[in-house]
Amino acid sequence: MAEHIGDALWRVESAAIEPWDSPGGLVVAGMGGSAIGGALARAALGDHASRPILQARDYGLPPWTTPDTTVLCASYSGTTEETLACYEAAQALGAKRVVVTTGGRLAELARADGVPVIPIPAGFQPRAAVAYMTVAALEVAAICGAAPHLTSEIDVAADHLGALIAEWGPDGDEQSLPKQLARSLHGCVPIVVGAGLTKAVAYRWKTQINENAEIPAFAHELPEADHNEIVGWGGNEGSASSVRSSSTIATPIRAPSSASRSRAS
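Residues numbered from 1 in each chain as written. Predicted model: local features only at pLDDT ≥ 70, side-chain atom pairs only at ≥ 80, totals over all residues. Heavy atoms only, no water.

A.B. asks: With reference to specific residues and values, describe the packing of aromatic side chains.
C.D. replies: A complete count under the given rule lists one aromatic pair for this structure. Taking the ring centre of Tyr87 as reference, the NZ or CZ of Arg97 above it sits at 4.3 Å. (Phe/Tyr/Trp six-rings, centres within 6.5 Å; stacked < 30°, edge-to-face > 60°. Lys NZ or Arg CZ within 6 Å of the ring centre and 35° of its normal.)

Listed below in structure tokens is the structure:
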């Protein structure tokens, strides 16, 4: 991933996209592993974003999308039918479009229409191209005026990831944090909870466990998880007692107090 980040920046630059202004912000249209880059980019930008940056995981764009909105169509294969539908919807609206893909029908349409294409390398599972999709979303957000460039931060992140690979990679210490976490999750149905900036990260972990381990996994966010859901855990002792908690990711689940129950929304 550290190498992918640097390569992704180069690929955006090689697309030679001229900047423009989108008062309506940015919509990242995509599905699955191609869509997560938009969510991670939004989290990375935090309060640096000056305009809305949202996702469209559907056959259409949000109803508030206007010609002043930029639509980034992200499809690793270039054949995702929902993303192709969003590309056509953006065309009908007259919205500015950018495409990030390896090729396929999406690249064909974009090149025929004169729409900028950010090319990414083929040969991965779509979920393994997360760095390319995240960097593309960050850079397009800057190009359309929805956020500042985070080039320096992206470079620092790549260096940090390189160090973590050495420490946490498959050949690392058997007592490393990732391996302890993997052993603690074995035989469980993981529930990953994020808050604020880590909301998108929690969802990414959930989908990685779904696809790589091929087991059910779920994600939620705080503080919402402290309302309805916590009552469900505490009110069903059979479920609560079967939860195996790992200190690396969560505190033990306990039955909520009466005060917690009363404020559950």
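Back to the write-up after that little detour.
A.B. asks: A description of the pattern of salt bridges should follow, citing residues and the corresponding values.
C.D. replies: Pairing between side chains of opposite charge can happen when their charged atoms approach one another. Here the structure, examined in full by the defined rule, presents eight salt bridges. Here Arg127 ties to Glu211 by a salt bridge, and the two come within 3.1 Å at their closest N and O atoms. One end of the pair, Arg127, is in the loop between β5 (117-119) and α5 (130-143); the other, Glu211, is in helix α8 (residues 199-213), and 84 residues separate them in sequence. Among the charged side chains, a network of salt bridges with common partners joins Glu174, Lys179 and Arg183. (Salt bridge = Lys/Arg side-chain N within 4 Å of Asp/Glu carboxyl O. Helix = DSSP H or I, 4+ residues; strand = E, 2+ residues; numbered from the N terminus.)

A.B. asks: Break down helix α7 (residues 177-185) for me, with residues and values.
C.D. replies: Residues spaced three or four apart along an α-helix face the same direction, because each turn holds 3.6 residues. Restricting attention to buried positions, one finds in α7 the residues Lys179, Leu181 and Leu185. For α7, the angular spread of buried residues about the axis comes to 160°, placing them on one side. If you follow the buried residues of α7, they end up packed against α8. Note on α7: the residue one or two positions beyond its end, Gly187, has a positive phi of about 85°. (Buried < 20%, exposed > 50% of the residue type's maximum accessible area, 1.4 Å probe, protein only. Arc of directions from axis to C-beta. Contact = heavy atoms within 4.5 Å.)

A.B. asks: Let's hear about the side chain of Ser34: which residues, and what values?
C.D. replies: Along the chain, Ser34 turns up in helix α2 (residues 32-45). Among the polar contacts made by the side chain of Ser34, one reaches the main-chain amide nitrogen of Tyr76 at a distance of 2.9 Å. Aside from chain neighbours lying at most four places away, what touches Ser34 is Ala74, Ser75, Tyr76, Pro126 and Met133. (Polar contact = N/O pair within 3.5 Å; in protein donor to acceptor, adjacent residues only side chain to side chain.)

A.B. asks: Tell me about unusual backbone geometry, residues and numbers included.
C.D. replies: That bond from Leu222 to Pro223 is cis: its omega, 10°, falls within 30 degrees of zero. As for its position among the elements, Pro223 is in the loop between β7 (218-222) and α9 (228-235). The backbone of Glu214 shows a phi angle near 55°, a positive value even though the residue is not glycine. With a relative accessible area of 67%, Glu214 lands in the exposed category.

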